[in-house]
Amino acid sequence: LYATGLVDLERRVVIDVIEGNSATDLGRWLDRQPADWLGDIRVVATDLAESYRAGLAGRLDHAIRVADPFHVTRLANRC
């Protein structure tokens, strides 16, 4: 069983924790949020999973996407 944590990185608070880590899980959550709130999101940090990229597609295309440092370092160490 997986979960996805959604965090406001500026305020350092948890917004929500949703069950699952698929594109559908993330997309369903985003689709329930107000459009003006989503429009105010400027940066999204995720791990490197394709499911998160797919879940964001068409919903937060205006936001800058970055990979979180933990997963970038983990990938570099594997190389």
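Above this note sits the structure.
Residues numbered from 1 in each chain as written. Predicted model: local features only at pLDDT ≥ 70, side-chain atom pairs only at ≥ 80, totals over all residues. Heavy atoms only, no water.

Draft legend 1. Molecular detail of the pattern of salt bridges. Across all of its chains, the model carries five salt bridges by this definition. A salt bridge links D25 to R28; the shortest N-O distance between them is 3.7 Å. Of this pair, D25 and R28 both sit in helix α1 (residues 23–31), three residues apart, which is roughly one turn of the helix. On the accessibility criterion, R28 (45% relative accessible area) is partly exposed. Ionic pairing is found between R65 and D61, a salt bridge with its closest N-O pair at 3.2 Å. (Salt bridge = Lys/Arg side-chain N within 4 Å of Asp/Glu carboxyl O. Helix = DSSP H or I, 4+ residues; strand = E, 2+ residues; numbered from the N terminus. Buried < 20%, exposed > 50% of the residue type's maximum accessible area, 1.4 Å probe, protein only.)

Draft legend 2. Highlighting the environment of V13. Position of V13 among the secondary structure elements: in strand β2 (residues 13–19). Look at V13 and you get partly exposed, because its relative accessible area is 31%. Taking the C-alpha atoms as reference, V13 lies 22 Å from R59; in sequence the two are 46 residues apart. If we skip the residues at most four places from it in the chain, V13 touches L6, V7 and D8. (Contact = heavy atoms within 4.5 Å.)

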